[in-house]
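# Observations on chain architecture
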Amino acid sequence: MQLIALAQAGYDINSDILKTEIDNENIKSPVMEGLDALAAKTESSTINAQIDAFGTAQPQPLPPNQWGASKSVKKLPLNAVTSIIDGLKKLYVERLKPLEVTYRFNDFVSPLLTNSDFDAKPMVMLLGQYSTGKTTFIKHLLRCEYPGAHIGPEPTTDRFVVVMSGSDERSIPGNTVAVDASMPFSGLSTFGGSFLSKFQCSQMPHPLLDEITFVDTPGVLSGEKQRTQRSYDFTGVISWFAAKCDLILLLFDPHKLDISDEFKRVIASLRGHDDKIRVVLNKADQIDTQQVRKSFNDKPINKGFVGPLGQDLFEKEQNDLLADLVDIPRKACDSRINEFVKRARSAKIHAYIISHLKMEMPAMMGKAKAQQRLIDNLEDEFKKVQREFHLPAGDFPNVEHFREILSGYSIDKFEKLKPKMIQAVDDMLGYEIPELLKKFRNPYD
């Protein structure tokens, strides 16, 4: 401070200044001007430099007491988002994605989400064995042909076809669709080129497709040969689409109600999406009442039942199904929130499992034997995690599928449990999402 005072008094500052005789009585205290302005300027530049992962400026967080939440993490400010979907995007990047990356959720369960996953239109997937009318059903709703549609008594749809809105009619190959950032299908790249060669997108201008996207699937054939000849994970692809879709239609033909082994596996892969499933007995208008009863295992009809069994019943059922389809866009926002919450809970359980397996590994010797023991007794390890963290058994992943993926990893390389990450997701589920719903209304209301 003495040197600053001497410099302000007009003295030359050099190595001999302190040896010089100075009249200290005439030296005034140093004046520090401009520090407040400099501090304000620095703070402003710091705020402007905080750019989030989606390229928008990140305002300062609101005080924790405005959220009524714990002080474990900084809460997402409501003035930083413009809609419910925008809020979910930011919550995913700041809260959920770090947990997924740390514990390899994308390798075991589902690929990481992108902007297009949140912005995608509602999807309806049609499943069924061959020649149950899946493609015809889509054509009936559109009232016209769409690019790539083939109909016949034999298995004609041998690929997954996404029918969506576009400026002109065209078919886009699967490899191109998977790398298009504007489409929500980049996660399908994990199933390899063999699947992508059996995947395509059909685009056409249509008012219905402006609201809904349809997913036509290959007809499931009988016999083990069908499964072994596939060069990709068919049930895995179905499971991926099921998580993305808002409605799943299971179509059956009353003339051939037998369910093949592969179709049983497909239905089993829909576990956790029961609320989305609608069972459609297609071509039911081509059979009489007696055959309808046989279609339902010949169960006797209640004697007190006086309602119609003919055309009136079919029309009422058809109207109910069409009402569900019409209601999809209005429920799309709720569906996004529902799937986001399910994903967050699944990611938490996955983190608990991975960190538990890591803690069961020895520090030095016998790692290979310990890993094999954990893989062989994986179901018991799941039960330990369930008891320790008081988790519902129904939320745990399929043991066999998890074991198959786990065998390709070194458990010793996994991360230990990070409570702050878990707390961030808990706060997101308990406070930030409810606050988001209070702030913004459903855009379709």
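The preceding data block contains the structure.
To start, this report covers the structure provided alongside it.

Quick notes on the rules
Residues numbered from 1 in each chain as written. Predicted model: local features only at pLDDT ≥ 70, side-chain atom pairs only at ≥ 80, totals over all residues. Heavy atoms only, no water. Helix = DSSP H or I, 4+ residues; strand = E, 2+ residues; numbered from the N terminus. Buried < 20%, exposed > 50% of the residue type's maximum accessible area, 1.4 Å probe, protein only. Axes fitted to C-alpha atoms, helices over the stretch in contact; angles between N-to-C directions. Left-handed = near helix turned anticlockwise from the far one by under 90°. Contact = heavy atoms within 4.5 Å. Nonpolar A, V, L, I, M, F, W, Y, C, P; charged D, E, K, R; others polar. Pairing = 2+ DSSP bridges. Expected span 1.5 Å × (residues − 1). Bend = angle between axes of the 7 residues up to and from the residue. Polar contact = N/O pair within 3.5 Å; in protein donor to acceptor, adjacent residues only side chain to side chain.

Moving on: the side chain of E381. In this fold, E381 is placed in helix α15 (residues 378-389). Owing to a relative accessible area of 3%, E381 belongs among the buried residues under this scheme.

Between helix α10 (residues 234-244) and helix α11 (residues 261-268), the shortest axis-to-axis distance is 9 Å and the interhelical angle comes to 35°. Judged by the sense of rotation from one axis to the other, the crossing of α10 with α11 is right-handed. Across the interface between the two elements, F234, T235 and I238 of α10 pack against E262, R265 and V266 of α11. For the contact of α10 with α11, the per-class residue count stands at three nonpolar, one polar and two charged.

Spatially, seven strands are ordered β3-β4-β2-β5-β1-β6-β7 in an open sheet, and the strand pairing comes out mixed. Since the sheet does not close on itself, it has two edges, and those belong to β3 (170-173) and β7 (277-281), each with one partner. Pairs of neighbouring strands in the sheet enclose a mean axial angle of 20°, with direction left out of account.

A few words on helix α3 (residues 84-102). For α3, spanning 19 residues, the distance from its first C-alpha to its last is 26 Å, which sits close to the expected 27 Å at 1.5 Å a residue. By the largest-angle criterion, L96 marks the main kink of α3, which is about 50°, and a proline, P98, follows within four residues.

Quick look at the environment of R278 now. Following the sequence through the fold, R278 ends up in strand β7. Overall, R278 belongs to the partly exposed group, its relative accessible area being 27%. Sequence spacing of R278 and I248 is 30 residues, and the spatial spacing of their C-alpha atoms is 6.2 Å. With residues up to four places along the chain from it excluded, the contact list for R278 reads L247, I248, L249, L250, L321 and D324. Reaching out from R278, the side chain makes a polar contact with the side chain of D324 at a distance of 2.9 Å.

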